Amino acid sequence: MNSSSSGFNVSSLRYRDSFNTVVAKNVIVLTLGLIINYINGSLIHTFRKHQIFYVNPRYILFIHLVVNDMIQLTSSISLFVLSYIFYRINVSLCCLILIFAVFTNRNTPLNLAVMAVECYIAICLPLRHAELCTIRRTYILIALIWAMSAVSILPDLFILLATEPVELFYSTIYCRTDNLFSHPIHLKNKEVSFLVYLVVVWLTLLYTYIKIILAAKTAKASESTKGDTNKGRNTILLHGFQLLLCMLTYVAHLIRKALVYIFPEYYNNINFALYIIVQMLPRLVSPVVYGLRDNTFRQHLEKYLLCSMRPSIKHGPH
C-alpha cells in the first residue's frame, strides 16, 4: 500500500513467534473469547425469555451493550486468528471485518453514556422516569448511537475509495486499522473523533455522578432511597472504569511504542498482552458489572443455568 504499512510488515516479520507460542496464544484467545461469548449469549437468552427485561429501557440498553461486545469480540478474534494463519488477507475482507470492529468499538462509550443518563433520571427524576425513558425513545437512542458511529467511520471508507486504486481491494494486506486507513486525513479524523468522544462521554459521566452524589446527601433520611442512590453512584463509577478500559484502544499504540522502546526483545509479548487488556478485558466487564451484579437479572440467569443443567444430569450415567 504505502510506506507506513510496508514498514509495519517488515518490523512484524522480524518478530515472528515460534509455532508453540502461536498455538498457545491462539488457544488462550479462543478460550477466553468462547467463555465471554457464552456468558454474553446466556445473558441475551435470559433477556429474550422474560418480558420484564425487554419492556425496561435499562435492560434494553444493557443487552445492546452485550450484543455490541459480542460483535466486537468476534471481529477482533477473527482478525487475530487470521493474522496468524494467513498473515496477509484480502483487503476487501479486511475492510469488512475492520468496519464491524471499529463500529462496535465506537458504540461502547456512547452506550455507557446513555446508560449513565438513564441511571441519573431513575434516581434524580424518579417521577419523570416513565415519561422520559420510554421503549420507543430507547430504540431511537440506540439508532442514534449507530448513526453517530457511522458519521465518524464512514468518511474513512469514502476517503479510502477516493484515494486508492480499485486494484487495492483485490490485493492482500496485514490487516490492521493503521495499515488500511493510513492516509493523513484518516489519522486526523481518528484524533478528532477520539477527542469528541472523550469530552462528551466523560462530561456526561461526571455530571450524572455529581448529581447522584448530591441526591444521596439529600436522601439520607430514607434508607431505601439511600440504598438505590448508593447503588446508582457505584454503577456510574463502574461505567467510568469500563470506559477507561475502552479508551485504552486510543492510547494503546503509545503504550506499545513506549514498552517496545524499553523492552524491544519482548515485542510480540507486549502486543499480545495489550490485545488481551485492550480488546478482551473490557468485554468481560459488561456481563459481570451489569448482568451478575443486578439482582433481578442474576436471579433469572441462575434459573436458566439450573434448568439447562438438569437435562444433562437426568441423562447422565446412573
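Nothing here was measured: the structure is a model prediction, and the numbers come from that model.

Undergrad: Whenever I open this one, the nonpolar core confuses me. Can you help?
TA: Side chains that are nonpolar tend, in soluble globular proteins, to be buried together. Within the largest apolar cluster, 33 residues are counted, with the highest numbers of intra-cluster contacts made by L43, F47, F62, I63 and F297. Contributing elements (two or more residues each) for this core: α2 (19-49), α4 (57-85), α5 (91-124), α7 (135-163), α9 (184-218), α10 (223-262) and α12 (295-314). Here this core gets 8 residues from one element, more than from any other, and that element is α5. Core analysis: the second largest hydrophobic core is formed by 21 residues, L79, I89, A150 and L180 among them.

Undergrad: For this particular structure, what's the right way to read the environment of I28?
TA: With respect to the element layout, I28 can be found in helix α2. The partly exposed category is assigned to I28, whose relative accessible area is 40%.

Undergrad: Please clarify how a nonpolar patch on the surface should be interpreted in this entry.
TA: Residues L195, V199, L203, L206, I210 and L214 make up a contiguous nonpolar surface patch of roughly 550 Å² in combined accessible area. I210 gets classed as partly exposed once you look at its relative accessible area, which sits at 44%.

Undergrad: Would you take a moment to explain the state of the cysteines for this structure?
TA: A covalent bond between the sulfur atoms of two cysteines is what we call a disulfide. Tallying each qualifying case throughout the model produces 1 disulfide. Sulfur-sulfur distance for the disulfide between C94 and C175 comes to 2.0 Å. Sign of the S-S torsion, about 90° for the bond between C94 and C175, identifies this disulfide as right-handed. Remark: C175 occurs in the loop between β2 (172-173) and α8 (177-180) and C94 occurs in helix α5; sequence separation between them is 81 residues. Like C94, the residue C175 is buried in the burial classification. No disulfide involves C119; its sulfur sits 8.4 Å from that of C124, the nearest cysteine. The class for C119 is buried, based on a relative accessible area of 7%.

Undergrad: For this particular structure, what's the right way to read unusual backbone geometry?
TA: Peptide bonds are mostly trans, and most non-glycine residues show a negative phi. Here Y87, not a glycine, exhibits a phi torsion of approximately 65°, which is positive. Within the secondary structure, Y87 sits in the loop between α4 and β1 (89-90). Look at Y87 and you get buried, because its relative accessible area is 13%.

Undergrad: I tried to follow the side chain of D156 on my own but got confused; where do I start?
TA: By secondary structure assignment, the location of D156 is in helix α7. The charged side chain of D156 is buried without a salt bridge, its nearest counter-charge being R106 at 5.1 Å. Contact partners of D156, with chain neighbours within four places excluded, come to F181, H186 and N189.

Undergrad: Got a minute to help me understand the pattern of salt bridges in this structure?
TA: Pairing between side chains of opposite charge can happen when their charged atoms approach one another. Taken as a whole, this structure holds 4 salt bridges when the rule is applied. Linking E118 and R58 is a salt bridge whose minimum nitrogen-to-oxygen distance equals 2.9 Å. Pair noted here: E118 is in helix α5 and R58 is in helix α4, with a separation of 60 residues, a long-range link. Judged by its relative accessible area of 36%, R58 is partly exposed. Across the salt bridge formed by D69 and R283, the nearest N and O atoms sit 3.5 Å from each other. One end of the pair, D69, is in helix α4; the other, R283, is in helix α11 (residues 267-292), with 214 residues separating them in the sequence. For the pair shown, D69 and R283 are each scored as buried.

Undergrad: Quick question: what am I supposed to make of the environment of S42 here?
TA: For S42, the position within the fold is in helix α2. In this structure S42 comes out as buried when scored by relative accessible area, which is 5%. Each C-alpha atom of the pair S42 and P287 lies 9.8 Å from the other, and the pair is 245 residues apart in sequence.

Undergrad: Would you mind showing me how to read the packing of aromatic side chains here?
TA: To describe a pair of aromatic rings, one takes the distance between the centres and the angle between the planes. Considering all chains together, one arrives at 9 aromatic pairs under this definition. Relative to W146, the ring of F103 has its centre 5.6 Å away and its plane inclined at 35°; by these criteria the two rings are tilted. Residue F103 is found in helix α5, and its partner W146 is found in helix α7; the two are separated by 43 residues along the sequence. Taken together, F80, Y84, F272 and Y275 form an aromatic cluster joined through their ring pairs.

Definitions and cut-offs
- Residues numbered from 1 in each chain as written.
- Predicted model: local features only at pLDDT ≥ 70, side-chain atom pairs only at ≥ 80, totals over all residues.
- Heavy atoms only, no water.
- Core = buried A, V, L, I, M, F, W, Y, C linked by side-chain atoms within 4.5 Å.
- Buried < 20%, exposed > 50% of the residue type's maximum accessible area, 1.4 Å probe, protein only.
- Helix = DSSP H or I, 4+ residues; strand = E, 2+ residues; numbered from the N terminus.
- Patch = residues over 30% accessible without salt bridge, like charges linked within 9 Å, V, L, I, M, F, W, Y side chains within 5 Å.
- Areas by Shrake-Rupley, 256 points an atom, 1.4 Å probe, with all protein chains shown as cover.
- Salt bridge = Lys/Arg side-chain N within 4 Å of Asp/Glu carboxyl O.
- Disulfide = S-S within 2.5 Å.
- Lys, Arg positive; Asp, Glu negative; His and termini not counted.
- Contact = heavy atoms within 4.5 Å.
- Phe/Tyr/Trp six-rings, centres within 6.5 Å; stacked < 30°, edge-to-face > 60°.

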